[in-house]
Amino acid sequence: MPTAVITGANSGIGHAFAKLLVSEEYTVIAADISTNGPINDLGCEIHELDVTSPSSISTFKAALSRRPIDLLLNIAGVMPPTQKDNLSTITLETLEKTFAVNTFGPLLLTQYMLPYLLLAKEPKVAVMSSRMGSISDNSSGGQYAYRASKSAVNSVFKSLSVDLREKSVAVVLLHPGIVKTNMTGALGDLGSQAVEPEQAAKELWAVLKEKRLEDSGKWWHRNGEELPW
C-alpha cells in the first residue's frame, strides 16, 4: 500500500484528508503538534510533530525508520485573528509565528522527508496554500501575516518544483476554498460558499491524485481551476 504523511491531522482539512486516505487504503502517518483529540480516532499511525521546530522534525524523521513516502501533505497552518493582523495591529511576533507554521515548516519538513520520498516510485509533495496568497487576486488588503505567509509558501514550493523535477518528485500547490474549520471560525459568517472539511478534502483529493510530474509547480483550486500567482 502507498504511504502518506499528513500534517495538521488533528482537526479540519488535515483530519478529513487522513480519514479519506485511510479509506483509500493508504498507510497513513498522521502528525500534529498535539496528539490529544480526534487524531486518535483515525485508526492509523500517529506522531506528535511541531513543524516550527527542527528538533521535532528530526525526531519525527527518525521515527519513520527510512521507509518510502509516496505522498507528503503539508496541511498544518495558522491564521491570526483579523484584529491582530491588520495595518494598525500587526507585530513582529505575529509575523514570525505565522511564517514559522505556514511557510518555513512545510519547507523544512519537505527537506527532511526528501530521502524517504526518493525511495518511492512516483513521489508527490503537496502544500495547502490559500487564494489569499495570490498577489494579482488581492483586492481587499489586510491580513498581512497570513497573506504574506501564503504568498511566500507559493514561492517556496514553486522553487521546490524546479529543484525536484530532475528527481521525479511532483510538487502540487492547493487551495481549499472557504472551509468551516477551527482556523476560520474566528472570521464569523463565512457565507454560503463555505463547505465542511470532508467535502474540501474529497474535492482536493480528486485534483491531487490526477497530478503528475508535468503538472509540477502549479497551483490548483479544489474545483480544478488553476489559480493566478
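Given the structure is predicted, the values throughout are model-derived calculations rather than measurements.

For the rest of this paragraph, the subject is the packing of helix α2 (residues 54-63) against helix α3 (residues 92-117). Relative orientation of the contacting elements α2 and α3 amounts to 20 degrees, with a least axis distance of 10 Å. Judged by the inter-axis angle, α2 sits roughly parallel to α3. Considering the relative orientation of α2 and α3, their crossing is right-handed. Residue-level contacts link Pro54, Ile57, Ser58, Phe60 and Lys61 of α2 to Leu108, Leu109, Tyr112, Met113, Pro115 and Tyr116 of α3. The class makeup of the residues in the contact of α2 with α3 is 9 nonpolar, 1 polar and 1 charged.

Pairing within the open sheet is parallel, and its 7 strands lie in the order β3-β2-β1-β4-β5-β6-β7. In this open sheet, the two strands that pair with only one neighbour each are β3 (45-48) and β7 (218-221). Between one strand axis and the next, the sheet turns by 20 degrees as a mean value, whatever way the strands run.

The next point concerns the pairing of strand β1 (residues 3-7). Looking down a regular strand, the side chains alternate between one sheet face and the other. Here β1 lies mainly inside the structure; 5 of its 5 residues are buried. Of the two faces of β1, the one lined by Thr3, Val5 and Thr7 and the one lined by Ala4 and Ile6 are each fully buried. Alignment of β1 against strand β2 (residues 27-32), held across 5 bridges, turns out to be parallel. Along β2, the bridge assignment pairs threonine 7 with alanine 31. Regarding topology, helix α1 (residues 12-23) serves as the crossover connection from β1 to the parallel β2, and that connection is right-handed. When β1 meets strand β4 (residues 71-74), the two strands line up parallel, connected through 3 bridges. Paired with isoleucine 6 across the two strands is leucine 73, which belongs to β4.

Turning our eyes to something else, we now look at α2. Ser56, Ile57 and Phe60 are the residues of α2 that are buried. End-on, the buried residues of α2 take up no more than an arc of 100 degrees, which puts them together on one face. α2 presents Ser55, Thr59 and Ala62 as exposed residues on the side facing more than 90 degrees away from its buried surface. Of the surrounding secondary structure, the elements contacted by the buried residues of α2 are β1, β2, β3 and α3.

A separate point is helix α5 (residues 197-208). The terminal C-alpha atoms of α5, which comprises 12 residues, lie 16 Å apart, in line with the 16 Å expected from a rise of 1.5 Å per residue. Along α5, the residues classified as buried are Pro197, Ala200, Ala201, Leu204, Trp205, Val207 and Leu208. Buried residues of α5, seen end-on, are gathered within an arc of 155 degrees and therefore sit on one face of the element. On its buried face, α5 is in contact with α1, β4, β5 (124-128), β6 (170-175) and β7.

Criteria and cut-off values
Residues numbered from 1 in each chain as written. Predicted model: local features only at pLDDT ≥ 70, side-chain atom pairs only at ≥ 80, totals over all residues. Heavy atoms only, no water. Axes fitted to C-alpha atoms, helices over the stretch in contact; angles between N-to-C directions. Helix = DSSP H or I, 4+ residues; strand = E, 2+ residues; numbered from the N terminus. Parallel < 35°, antiparallel > 145°, perpendicular 65-115°, else oblique. Left-handed = near helix turned anticlockwise from the far one by under 90°. Contact = heavy atoms within 4.5 Å. Nonpolar A, V, L, I, M, F, W, Y, C, P; charged D, E, K, R; others polar. Pairing = 2+ DSSP bridges. Buried < 20%, exposed > 50% of the residue type's maximum accessible area, 1.4 Å probe, protein only. Right-handed = clockwise from strand over helix to strand, strands pointing away. Arc of directions from axis to C-beta. Expected span 1.5 Å × (residues − 1).

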